[in-house]
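A closer look at the structure
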Amino acid sequence: MGRKKKTLHDYAAEFSELAVKRHLLERGGGGGGEGAAVVETLYCTSCQLPMRVRRDRILEHLSSGRHYRNRRLLRQHGLRAPLLRSAGPAAGPGPPLQLEAPALLSQPAFVLAGGCGALPSAPSCPKPAAARRPGQDLTPSASASRPSPLAAFPMRIAPAPSKPEAWDGALRPGGVGLALFGAELVDGALFRSLVEDSGCRLLYVVGDRLEEVQRAFGAEFLAGTAVLRQRDAGVALSDQRVSGAVICSPPEEASKIVIDALRAGKGVFCERLPSCDRHTAEACFDEADRCGRPLVCGFYKRFDPALQFLCKRVRESRALGRIHRVATTSSVYPEAPLGSLKASGGIFYNAAVHDIDIISLLLGESAPDTVFSLGHAFCADVACLQDADTVAVSMKFPSGAIVTLDVSQHCTRSCDQRLEVHGSEGTLRVDNQNPLGITEHGTSVPVCSQTQADRYRDAHRELFRHFLRTLQGKEPPVITKEQFLWTIQVAAAAEQSWRNGSAVDLRNEAIDSSAIKAEMM
């Protein structure tokens, strides 16, 4: 048996920008219903265009610049997408459509007749008595022998805007088109500054909580951006103007989006982790190698200018001699939302993993020999998630270096981000940074409250620029598959040690993070 043919309503359910409208058309001038025909039309709600019932034509239209401009016009004037009115005698004058003329004059129409009658021939189509400007021709078809059904619907063309539009749907020379997935979990202000500073263009935002997306980014920033639901993600991935996909989805959802984007020929920047599972993450990197597209992971701390300088002094200049001890403090402010903490895999994959990465980079060693962790959930809501909000991780590396990570979701007034390196020939320390350069001790009111995003704004910006350079083929991703896999291996060992209450020897054990997650359920 063959596959069931999709109906107009199937396409309308698949693409949120489309809808089906039924029209009652009368053949004769009588008032009876003998000559009536019910016609169903698949059309775009923003452009008010009948659509061809072909998936490739639908995707082509939804990704066109005209479609975005019409959506923008509706938003700017505070209008809701108007509905096509019935073309029968009872239909009154339709609402004016503030749409762009080329969008109406260039798209072919396709109409399916319902079971009540066939599509009336051209002479029987009633002509509306709509007012129009002298010399204005609203017929959307270039052929007089086959007029489009749009001629039966009253509409008005919006006048030309008084000032030029900021963007006409085309990218500037050298610009990079991006699609953002999982926008509900991204810092809207931070991402907006990254996009504006880099000069690239955000073409699509994909997410299911669209109200939160618009609130986070603002209507002005999204004026030239198509906001889609997750079910319409294929529209963004099929657009040839999109060079890269920025994925902020939780790790358990990100891996599928990563692979789909890579197979669509897009470079990928995974703001979180492509997966907490080693085998799934390895499959993502292997797919990137097979497709020849970059996969950049969001280990942002290695791009922080102060930590980069420290790494050069320790590794290249050997300024401290042999490293004996490293201690880091990472207290987040404000604390991560409970939903975000749960979606990211918990404190070991949301926070500790970044410190593990910078330690491995600093020492030049992939993984420690031994890992031991202690932790506690001081917040009852975190305890319900079977996670901790404060942990201490101790590691001993093959070189003999002993590392201590203090990670906490609790910080009352400002984030606390410090790192100390003790060697045979001295000590280097990265202290908390703020724009005023003032260090406070015991003050009742913070001199300069600093969030986690503020502290690492330069790091996020440089990581984002690195991703853009990989899209342009100027440099390969600096975070390799081996580095990423070892980092999540150590994070899994730290979590296992906390849950089991015993040290984990990475020299003799293979840690399966998926098994650890299964124990949590």
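The following refers to the structure shown. Model, not experiment: these values are computed from the prediction. (Residues numbered from 1 in each chain as written. Predicted model: local features only at pLDDT ≥ 70, side-chain atom pairs only at ≥ 80, totals over all residues. Heavy atoms only, no water.)

This part covers the overall build of the protein chain. A count of helices and strands for the protein chain gives 17 helices and 17 strands. The 521 residues of the protein chain split such that 48% are buried. Partitioning the intrachain contacts of the protein chain with sequence separation of at least 6 by distance along the chain shows that 70% fall at a separation of at least 24. When the accessible area of the protein chain is evaluated, it comes to approximately 25100 Å², of which 52% is carbon and sulfur surface. (Helix = DSSP H or I, 4+ residues; strand = E, 2+ residues; numbered from the N terminus. Buried < 20%, exposed > 50% of the residue type's maximum accessible area, 1.4 Å probe, protein only. Contact = heavy atoms within 4.5 Å. Areas by Shrake-Rupley, 256 points an atom, 1.4 Å probe, with all protein chains shown as cover.)

This part is about helix H10 (residues 305–316). Between its first and last C-alpha, H10 extends 16 Å over 12 residues, near the 16 Å set by a 1.5 Å rise per residue. Among all positions of H10, only Leu307, Leu310, Cys311 and Val314 are buried. The buried residues of H10 occupy an angular sector of 100 degrees when the element is viewed end-on, so they sit on one face. Seen from the open side of H10, the exposed residues pointing more than 90 degrees away from its buried face are Phe309 and Glu316. Lining the buried residues of H10 we find strand S11 (323–331), helix H12 (347–363), strand S15 (416–423) and strand S16 (426–430). (Expected span 1.5 Å × (residues − 1). Arc of directions from axis to C-beta.)

Scanning the entire structure with this criterion turns up 18 salt bridges. In this structure, Arg418 and Asp416 form a salt bridge, with 2.8 Å as the shortest nitrogen-oxygen distance. Residue classification places Arg418 among the partly exposed positions, given a relative accessible area of 29%. A relative accessible area of 15% means that Asp416 is categorised as buried. Put simply, Arg263, Glu287 and Arg290 are held in one network by salt bridges that share partners. (Salt bridge = Lys/Arg side-chain N within 4 Å of Asp/Glu carboxyl O.)

The next thing to look at is the pairing of strand S14 (residues 402–408). In the sheet, S11 pairs with S14 via seven bridges, with the strands oriented parallel. Bridge pairing links Arg325 to Ile402 in S14. As paired strands, strand S13 (residues 390–396) and S14 are joined by seven bridges and run antiparallel to one another. Each bridged residue has a counterpart across the sheet, and for Ala392 the counterpart in S14 is Asp406. In this antiparallel pair of consecutive strands, S13 and S14, the connection spans five residues, and Gly400 shows a positive phi of 100 degrees. (Pairing = 2+ DSSP bridges.)

Turning our eyes to something else, we now look at the sheet that holds strand S9 (residues 267–270). Read from one edge to the other, the open sheet built from six strands follows the order S7-S6-S5-S8-S9-S10, with strand pairing classed as parallel. A single partner strand is all that each edge strand has here, and the edge strands are strand S7 (226–228) and strand S10 (295–297). Ignoring strand direction, the axes of neighbouring strands in this sheet form an average angle of 20 degrees. Where strand S8 (residues 242–247) lies against S9, four bridges are found, and the strand directions are parallel. Paired with Val246 across the strands is Phe269, a residue of S9. (Axes fitted to C-alpha atoms, helices over the stretch in contact; angles between N-to-C directions.)

Moving on, we come to the nonpolar core. Ranked by internal contacts, the top residues of the largest apolar core, which has 119 residues, are Leu178, Leu180, Phe464 and Phe484. The greatest single-element share of this core, amounting to 11 residues, is contributed by H12. If we skip the residues at most four places from it in the chain, Phe464 touches Leu178, Phe191, Leu194, Val195, Ser198, Cys200, Val246 and Phe269. (Core = buried A, V, L, I, M, F, W, Y, C linked by side-chain atoms within 4.5 Å.)

As a further point, take helix H8 (residues 251–263). For H8, spanning 13 residues, the distance from its first C-alpha to its last is 19 Å, which sits close to the expected 18 Å at 1.5 Å a residue. Turning to H8, its buried residues are Pro251, Ala254, Ser255, Ile257, Val258, Ile259, Ala261 and Leu262. One or two steps after H8, the chain reaches Gly265, where phi turns positive at roughly 85 degrees.

Scanning the entire structure with this criterion turns up six aromatic pairs. The interplanar angle of 65 degrees and the centroid separation of 5.3 Å between the aromatic rings of Tyr300 and Tyr456 together place this pair among those described as edge-to-face. Residue Tyr300 is found in the loop between S10 and H10, and its partner Tyr456 is found in the loop between helix H14 (452–455) and helix H15 (457–471); the two are separated by 156 residues along the sequence. This pair shows no difference in class: Tyr300 is buried, exactly as Tyr456 is. Grouping aromatic residues by their ring pairs yields a cluster made of Phe269, Phe464 and Phe467. Directly above the aromatic system of Tyr456 lies the positively charged group of Arg455, at a separation of 4.3 Å from the ring centroid. (Phe/Tyr/Trp six-rings, centres within 6.5 Å; stacked < 30°, edge-to-face > 60°. Lys NZ or Arg CZ within 6 Å of the ring centre and 35° of its normal.)

Within the secondary structure layout, Lys266 lies in the loop between H8 and S9. It turns out Lys266 is buried and unbridged, and the closest side chain with the opposite charge, Asp239, is 6.4 Å from it. Among the polar contacts made by the side chain of Lys266, one reaches the main-chain carbonyl oxygen of Leu237 at a distance of 3.5 Å. With near-sequence residues (within four places) excluded, Lys266 lies in contact with Ala236, Leu237, Asp239, Gln240, Val242, Ser243, Gly244, Ala245, Ala261 and Arg293. (Lys, Arg positive; Asp, Glu negative; His and termini not counted. Polar contact = N/O pair within 3.5 Å; in protein donor to acceptor, adjacent residues only side chain to side chain.)

The next subject is the packing of helix H9 (residues 278–291) against helix H16 (residues 481–500). It is the contact of H9 with H16, at a shortest axis distance of 10 Å, that shows an interaxial angle of 165 degrees. Here H9 lies roughly antiparallel to H16, going by the angle between them. For the pair H9 and H16, the sense of crossing is right-handed. Contact with H9, carried on its side by Arg278, Ala281, Glu282, Phe285 and Asp286, involves Lys481, Phe484, Leu485, Trp486, Ile488 and Gln489 of H16 and no other residues of that element. Looking at the contact of H9 with H16 residue by residue, the class counts come to six nonpolar, one polar and four charged. (Parallel < 35°, antiparallel > 145°, perpendicular 65-115°, else oblique. Left-handed = near helix turned anticlockwise from the far one by under 90°. Nonpolar A, V, L, I, M, F, W, Y, C, P; charged D, E, K, R; others polar.)

Next up on the list: the packing of H10 against H12. When two helices pack together, their arrangement is given by the angle between the helix axes and by the axis-to-axis distance. It is at 8 Å that the axes of H10 and H12 come closest, and there the two elements cross at 30 degrees. Comparing the axis directions of H10 and H12 gives the class roughly parallel. Where H10 abuts H12, its residues Leu307, Leu310, Cys311, Val314 and Arg315 lie against Ile358, Leu361 and Leu362.

What follows deals with unusual backbone geometry. Following Tyr333, the chain continues to Pro334 via a peptide bond in cis, the omega torsion being -10 degrees. Inspection of the secondary structure puts Pro334 in the loop between S11 and helix H11 (338–343). With a phi angle near 55 degrees, Arg318 is a residue other than glycine that sits in the positive phi range. Residue placement: Arg318 occurs in the loop between H10 and S11. In this structure, Gln386 takes a positive phi of about 60 degrees despite not being glycine.

Moving on, we come to the state of the cysteines. Per the counting criterion, the structure on display carries zero disulfides. Cys379 takes part in no disulfide bond, and the closest cysteine sulfur, belonging to Cys384, lies 8.4 Å away. Residue class for Cys384 comes out exposed when judged on its relative accessible area of 65%. (Disulfide = S-S within 2.5 Å.)

Shape descriptors only; they carry no functional weight alone.
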